[in-house]
Amino acid sequence: RDLELAVPAGFAEGQFEVWYQSQVDLESQAVVGLEALIRWRHPEHGVIGPGEFLPLIERSGNNARLTRYVLTDACRALQLLAAARKPQIRIAINLPPSELADHSLAAELRATCARFDVAPSSLELEITEGSLINNIASASETLHRLRRLGATIALDDFGTGYSSLAHLRRFPLDKVKIDKAFISEIPDSAEDKAIVGVIASLAGTLGLTLVAEGIERAEQAQAMREMGVTLGQGYLYHRPQPLEAVLQWIEGQA
Ligand code: G
Ligand code: G
Ligand code: MN
Ligand code: NA
């Protein structure tokens, strides 16, 4: 099957869908944010995950188009959340490395927010360490521009990549997301607990908010809380779902 050739039609025919997964306060279990996660509802192959098609988006030169598509959907979602009296819920979008070399992103983010009457401070940008190493000056400039607008920056998948602790100090970051690989064997793995403990104490010192990804069991949430991790994301709370479903359970909450 040649999915790459189907990418333009995928955009033209609205086959890409943005799904959302909650991020919760581990203490109160209140939803504090949503992460936007792209899906492709292909007419023949059904719903395809990003692991399979993001490389094709990149190869076909559509990274910027996808980011802007997700950004627009996220702003639309923020507008609906505000209408549902949940303006405190923020939305995070994932940026591919190429976006950090693109100085137009901040201006477009501001324009899209204005179009939907939402504050840029309701948006968070998730970047990976790989985005930071190739062009340090350019990445830093883009992040500063985004932050000056009020958006926050989260370092995604922390612990799996280069994990240079210097990144945490050198770049303008607000949040660190501990990769699910370190959560899956907690509480059994003493090593993983030690690693999370070190990340937690470093984040505390540097004033960074911590998120634990891939929380599937209550005992993992408990262990994270005990180590000072304040936010969590994972199947224990919600799976990624289409916006309509997410809005339904959010509106069902007090
Ligand atoms: O559910 P999950 O399979 O959604 O996501 C797999 C990977 O795809 C994650 O690493 C996530 O960061 C990435 N991803 C999901 N949505 C997007 C998106 O809209 N843009 C980019 N660049 N990456 C995304
Ligand atoms: O952007 P990032 O790499 O963080 O994307 C998060 C990925 O983790 C997505 O593929 C999402 O579907 C997945 N995910 C979210 N919660 C869980 C979970 O509890 N367990 C597992 N195994 N994967 C999860
Ligand atoms: Mn992410
Ligand atoms: Na991640």
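Here's a quick rundown of the structure. Small disclaimer: the values here were computed from a predicted structure and weren't measured.

Glancing now at the site of ligand 1. Residues in contact with ligand 1, as listed here, are Ala 36, Leu 37, Ile 38, Gly 49, Pro 50, Gly 51, Leu 54, Leu 66, Val 70, Asn 94, Pro 96 and Pro 240. Contributing elements (two or more residues each) for the shell around ligand 1: strand S2 (31-42), helix H2 (50-59) and helix H3 (63-83). Looking at the shell around ligand 1 residue by residue, the classes come out as nine nonpolar, three polar and no charged.

With that settled, the discussion passes to the pairing of strand S7 (residues 175-178). Burial along S7 is two-sided: Lys 175 and Lys 177 facing one way and Val 176 and Ile 178 facing the other are all buried. For S7 and strand S8 (residues 209-212), the ladder comprises four bridges, and the chain directions are parallel. By the bridge assignment for S8, Val 176 is matched with Leu 210.

Looking at the secondary structure, you find Val 47 in strand S3 (residues 46-48). With 32 residues separating them along the chain, Val 47 and Gln 15 place their C-alpha atoms 9.4 Å apart. Not counting residues within four places of it along the chain, the set of residues in contact with Val 47 comprises Arg 39 and Arg 41.

Let us now look at the site of ligand 2. Taken together, 15 residues lie around ligand 2, and Asn 94, Gly 214, Glu 216, Gly 234 and Tyr 235 are the ones closest in. Counted by class, the shell around ligand 2 contains four nonpolar, five polar and six charged residues.

With that settled, consider the environment of Phe 182. Within the secondary structure layout, Phe 182 lies in the loop between S7 and helix H8 (190-206). Accessibility expressed as a C-beta count within 10 Å gives 21 for Phe 182, which makes it buried. Along the sequence, Phe 182 and Asp 157 sit 25 residues apart, while their C-alpha atoms lie 9.9 Å from each other. Residue contacts for Phe 182: discarding those within four places in its chain leaves Gly 159, Asp 192, Ile 195 and Val 196.

Okay, the pairing of S2 next. In this sheet, S2 lies alongside strand S1 (residues 16-25) in antiparallel orientation, the contact comprising nine bridges. Looking at the pairing, Gln 23 lines up with Gly 33 of S2. Hairpin connection, S1 to S2: the antiparallel pair is bridged by five residues, and Gln 29 has positive phi, about 65 degrees. Here S2 pairs with strand S4 (residues 90-94) via three bridges, running parallel. Among the inter-strand pairings, Gly 33 is bridged to a residue of S4, identified as Arg 90. Pairing between S2 and S3: three bridges, direction antiparallel. Counted as the bridge partner of His 42 is Gly 46 from S3. Counted between consecutive antiparallel strands, the loop separating S2 from S3 contains three residues.

The N-to-C vectors of helix H4 (residues 105-116) and helix H6 (residues 136-148) enclose an angle of 20 degrees; their axes lie 9 Å apart at closest approach. In this view, H4 runs roughly parallel relative to H6, as classed from their interaxial angle. Considering how the two elements wind past one another, H4 and H6 form a crossing that is right-handed. From H4, Leu 105, Ala 106 and Leu 109 reach across to H6, where they touch Thr 142, Arg 145 and Leu 146. Looking at the contact of H4 with H6 residue by residue, the class counts come to four nonpolar, one polar and one charged.

Time to look at the nonpolar core. In this structure, Ala 74, Ile 91, Ile 93, Ile 178 and Leu 210 are the most contacted members of the largest nonpolar core, which totals 62 residues. Setting aside anything within four residues of it in sequence, one finds Ile 93 in contact with Ala 36, Val 70, Leu 71, Ala 74, Leu 123, Leu 125 and Glu 126.

If you trace the backbone, Arg 110 turns up in helix H4. Arg 110 sits in the partly exposed class, given 17 other C-beta atoms within 10 Å. Taking the C-alpha atoms as reference points, Arg 110 and Ala 137, 27 residues apart in sequence, are found 22 Å from one another.

Glancing now at the packing of H3 against H4. In the contact formed by H3 and H4, the axes pass within 9 Å of each other and the chain directions differ by 35 degrees. Crossing geometry of H3 relative to H4 is assigned as right-handed. Residues Arg 68, Leu 71, Thr 72, Cys 75, Arg 76, Leu 78 and Gln 79 of H3 touch H4, and the partners they reach there are Glu 108, Leu 109, Thr 112, Cys 113 and Phe 116. Class assignment for the residues of the contact of H3 with H4 results in six nonpolar, three polar and three charged.

Reading the values: rules and limits
- Note on numbering: residues in each chain are counted from 1, in written sequence order.
- Lettering of chains starts at A and numbering of ligands starts at 1, both following the order in which they are written.
- Local features in this predicted model are restricted to residues whose pLDDT is 70 or higher, and side-chain atom pairs enter the listing and the counts only when it is 80 or higher, whereas totals over whole chains, interfaces and linings include all residues.
- Being near a molecule or strand means, for a residue, that its backbone-placed C-beta atom lies within 6 Å of it.
- Segments assigned H or I by DSSP are reported as helices when at least four residues long, segments assigned E as strands when at least two residues long, and all are numbered from the N terminus.
- Polar here means any residue other than Ala, Val, Leu, Ile, Met, Phe, Trp, Tyr, Cys and Pro, which are nonpolar, and Asp, Glu, Lys and Arg, which are charged; Gly is therefore polar.
- The exposure scheme places C-beta atoms from the backbone and then counts, for each residue, the other C-beta atoms within 10 Å of its own, assigning buried at 20 or more, exposed at 12 or fewer, and partly exposed in between.
- DSSP bridges decide pairing: two strands pair if at least two such bridges lie between them.
- Residues are scored as being in contact if the C-beta atoms we place from backbone atoms lie within 7 Å.
- To obtain an axis, a line is fitted to C-alpha atoms, over the contacting stretch when the element is a helix, and the angle between two such axes runs from 0 to 180 degrees between their N-to-C directions.
- Roughly parallel means an angle under 35 degrees; roughly antiparallel, over 145; roughly perpendicular, 65 to 115; everything else is oblique.
- Left-handed describes a crossing whose near helix is turned anticlockwise from the far helix by less than a right angle; the clockwise case is right-handed.
- Only buried residues count toward a nonpolar core: Ala, Val, Leu, Ile, Met, Phe, Trp, Tyr and Cys, linked into one set through C-beta atoms within 7 Å.

Take it as geometry only, folks, not as evidence of what the structure does.
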